[in-house]
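# Coordinate analysis (summary)
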Amino acid sequence: MGTLYYGDSGTPIGIEDRALAHLKIAITTKLRRGESFTLSWQHADDQPRGRSTLWLHPSIPLRFVFDEPEGPELSRTWVEDLMRSANSTGGIQLVPEQLDKEPISTPDAQPVQVGVDVQPIETDSSGRGAEKQTV
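Residues numbered from 1 in each chain as written. Predicted model: local features only at pLDDT ≥ 70, side-chain atom pairs only at ≥ 80, totals over all residues. Heavy atoms only, no water.

A few words now on the packing of helix α1 (residues 17–32) against helix α2 (residues 76–86). Put simply, α1 and α2 touch, their axes get as near as 9 Å, and they point 45° apart. By the angle between their axes, α1 is oblique relative to α2. For the pair α1 and α2, the crossing hand works out as right-handed. Counted together, R18, A19, H22, L23, I25, A26, T29 and K30 of α1 and W78, V79, L82, M83 and A86 of α2 form the full contact between these two elements. (Axes fitted to C-alpha atoms, helices over the stretch in contact; angles between N-to-C directions. Helix = DSSP H or I, 4+ residues; strand = E, 2+ residues; numbered from the N terminus. Parallel < 35°, antiparallel > 145°, perpendicular 65-115°, else oblique. Left-handed = near helix turned anticlockwise from the far one by under 90°. Contact = heavy atoms within 4.5 Å.)

Structure representation (structure tokens):
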């Protein structure tokens, strides 16, 4: 059982490790874009009956703690379902996993495009970096 800590709340939220790993992808993707949204779930059987909703905002501290030292193989379908719900007016609805056969690929390195990701360095005739002159 993993734990989600949100803001300065002293009440940790227990979420199964595999579900928390998928939520982490969806949540961090939205927050990285500067987007706020809600996260809702039904209470577990060992908790008082009901459901809860959090308002997630990029400025509020968030921490994911996993019991398992190794991350699980992620389901592309489940992450896509969570992202679709994150983009809806109801926010992320923590729903049960729908198993798929293909794990999400994780490339070792992403290509860097000059002019898009980084700016080229101008050099002088000696091959050293030249200072740009602005007029």
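Now for the confidence of the model for the protein. In the predicted model, the protein carries a mean pLDDT of 78, and 70% of its residues have values of at least 70. Note that residues 129–135 has pLDDT below 50 and, in this model, seven contacts with residues that lie over four places away or in other chains. (pLDDT = per-residue confidence, 0-100.)

With five of its six residues buried, strand β3 (residues 37–42) lies for the most part within the structure. Here six bridges tie β3 to strand β4 (residues 51–56), and the two strands are oriented antiparallel to one another. Note on β4: the bridge partner recorded for W41 is S52. Bridge analysis of β3 against strand β6 (residues 92–93) gives two bridges, and the strand direction is parallel. Paired with S40 across the two strands is Q93, which belongs to β6. (Buried < 20%, exposed > 50% of the residue type's maximum accessible area, 1.4 Å probe, protein only. Pairing = 2+ DSSP bridges.)

Think of a ball as big as a water molecule: rolled over the atoms, this probe shows where empty space is left. By volume, the largest pocket is sized at about 520 Å³. Around the largest pocket, the lining is made up of 22 residues, and of these G14, I15, W41, Q42 and L94 lie nearest the centre. For the lining of the largest pocket, the element with the highest residue contribution is strand β2 (residues 13–15), accounting for three residues. (1 Å grid on protein atoms, 1.4 Å probe; cavity = no way out; pocket = protein on both sides within 12 Å on 5 of 7 lines; lining within 4 Å. Points joined across faces, edges and corners; volume = space filled by probe spheres on them.)

Let us now look at the environment of F37. Considering the arrangement of structural elements, one finds F37 in strand β3. What makes F37 buried here is its relative accessible area of 3%. C-alpha separation for the pair F37 and W55, spaced 18 residues apart in sequence, amounts to 5.9 Å.

Between its first and last C-alpha atoms α1 spans 22 Å; for 16 residues at 1.5 Å apiece the expected length is 22 Å, and the two agree. Buried within α1 we find D17, A19, L20, A21, H22, L23, A26, I27, T29, K30 and L31. Its side-chain oxygen 2.9 Å from the backbone nitrogen of R18, E16 forms the N-cap of α1. One or two residues past the end of α1 sits G34, with phi positive at roughly 80°. (Expected span 1.5 Å × (residues − 1). Polar contact = N/O pair within 3.5 Å; in protein donor to acceptor, adjacent residues only side chain to side chain.)

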